[in-house]
Amino acid sequence: MIERARFVLFDFDGPICRLFAGHSAEDVAKDLVEWLGRQGLRGLLTEEERVHPDPMAVLYAVNRRHPHSDLVTELEERLTQQELKAVPSAWPTAYADPLIRTWSAVGARLAIATNNSAGTAARYLETRGLTDCFAPNIYGRTQELEHLKPHPHCLNRALNALGAAPSTALMIGDAPSDLAAARRAGVPFLGYARNADKEKWLRDAGAEDVVGSLEPVLRVLRGQA
C-alpha cells in the first residue's frame, strides 16, 4: 500500500499533529457554548451538547437546526480563530515531519484533507517548515458543513487538483470519518491510532490496516529511497 502510493492525502489533526495538545479542545467547545449563551441562544443545544468535549459537535448541532445561517457562519469563524490560537502549542506527531519530507523526496505528491480549517493546517505546516511539501494542496472545512468528512468532498478536491486516480492514492487518517470518506472516494486507507482506544474505534468501523506509530511507514519509505 505504501509503496504503491503516488499521491498521499493526510488528515491533519492526528496523523500530523495533536492540534489541541496545549489549547484544550474541551475549552474551545466551552467557549463556543458560552458565546451562544451571550447571544441568548444557549437553548439551541441539548444538555449533552453543552458539555460535549468536541467543538465540532457544537458546530454540527447548530448547523442541524439552522443550516447555512449567519449564525453558523459566525460560529465556524469563531472555531477557526480558536484553531489558529492552538497552533503554537500543537504537538507534532512522532515521525510525521520526517515521513512527510521523505515521501515528498521520493516523488509522491502530498495533500491535506481535513475537517479543520485550511488556514490552520497551513499555519502549522509553516511553523514546521513543511509548506513546500503540500502547498497549494490543503483542503479543509468550508461553511458548507455537509461537505465535512465522512463526505468525500475534500478528498475529491485533492484528487482532482493533483490529477490523481483514486487507486494511485493513499489516505492516512485517525477517525472513522476519514475511513468512510476514503471508501466513498475509492482511495485506499491507512489508519493511524495513537492509543488502543483509537485503534478499536478504527477497527470497529472496518479499518483493516492500522499502525500505532508512523515509524514503520517511514522505514518502508527509507527502504525505497
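Brief notes about the pattern of salt bridges
Part 1: Under the counting rule described, the total for this entry stands at 13 salt bridges.
Part 2: One salt bridge connects Arg 141 with Glu 76, and the closest N-O pair in it is separated by 2.8 Å. Residue Arg 141 is located in the loop between β5 (138-139) and α8 (153-162), and its partner Glu 76 is located in helix α4 (residues 70-86); the two are separated by 65 residues in the primary sequence. Side by side, Arg 141 and Glu 76 carry an identical accessibility label, which is buried.
Part 3: A salt bridge links Lys 149 to Asp 178; the nearest nitrogen and oxygen atoms lie 2.6 Å apart. With Lys 149 in the loop between β5 and α8 and Asp 178 in helix α9 (residues 176-185), this pair connects stretches of sequence that are 29 residues apart.

What about the packing of aromatic side chains?
Part 1: Per the stated rule, a full pass over the model turns up 3 aromatic pairs.
Part 2: Seen in terms of ring centroids, Phe 10 and Phe 134 are 5.9 Å apart; in terms of plane orientation they differ by 80 degrees. Their pairing is edge-to-face. Of this pair, Phe 10 sits in strand β1 (residues 7-10) while Phe 134 sits in helix α7 (residues 131-134); the two residues are 124 residues apart in sequence, bridging distant segments of the chain.
Part 3: Aromatic side chains Phe 12 and Tyr 124 sit 5.6 Å apart centroid to centroid with 65 degrees between the ring planes, which places their arrangement in the edge-to-face category. In this pair, Phe 12 is assigned in the loop between β1 and β2 (17-18) and Tyr 124 in helix α6 (residues 118-127), connecting sequence segments 112 residues apart.

Points about the layout of surface pockets
Part 1: Here the largest pocket defines a volume of roughly 890 Å³.
Part 2: Along its surface, the largest pocket is lined by 31 residues, and Asp 13, Phe 20, Asp 54, Asp 174 and Lys 198 are the ones closest to its centre.
Part 3: Contributions of two or more residues to the lining of the largest pocket are made by α1 (25-38), α3 (55-65), α4, α9 and α10 (196-204).
Part 4: In terms of residues, the lining of the largest pocket owes the most to one element, α3, which gives 4 residues.
Part 5: A class-by-class count of the residues in the lining of the largest pocket yields 14 nonpolar, 6 polar and 11 charged.

The rules behind each value
- Residues numbered from 1 in each chain as written.
- Predicted model: local features only at pLDDT ≥ 70, side-chain atom pairs only at ≥ 80, totals over all residues.
- Heavy atoms only, no water.
- Salt bridge = Lys/Arg side-chain N within 4 Å of Asp/Glu carboxyl O.
- Helix = DSSP H or I, 4+ residues; strand = E, 2+ residues; numbered from the N terminus.
- Buried < 20%, exposed > 50% of the residue type's maximum accessible area, 1.4 Å probe, protein only.
- Phe/Tyr/Trp six-rings, centres within 6.5 Å; stacked < 30°, edge-to-face > 60°.
- 1 Å grid on protein atoms, 1.4 Å probe; cavity = no way out; pocket = protein on both sides within 12 Å on 5 of 7 lines; lining within 4 Å.
- Points joined across faces, edges and corners; volume = space filled by probe spheres on them.
- Nonpolar A, V, L, I, M, F, W, Y, C, P; charged D, E, K, R; others polar.

Function cannot be read off these values alone, since they describe shape.
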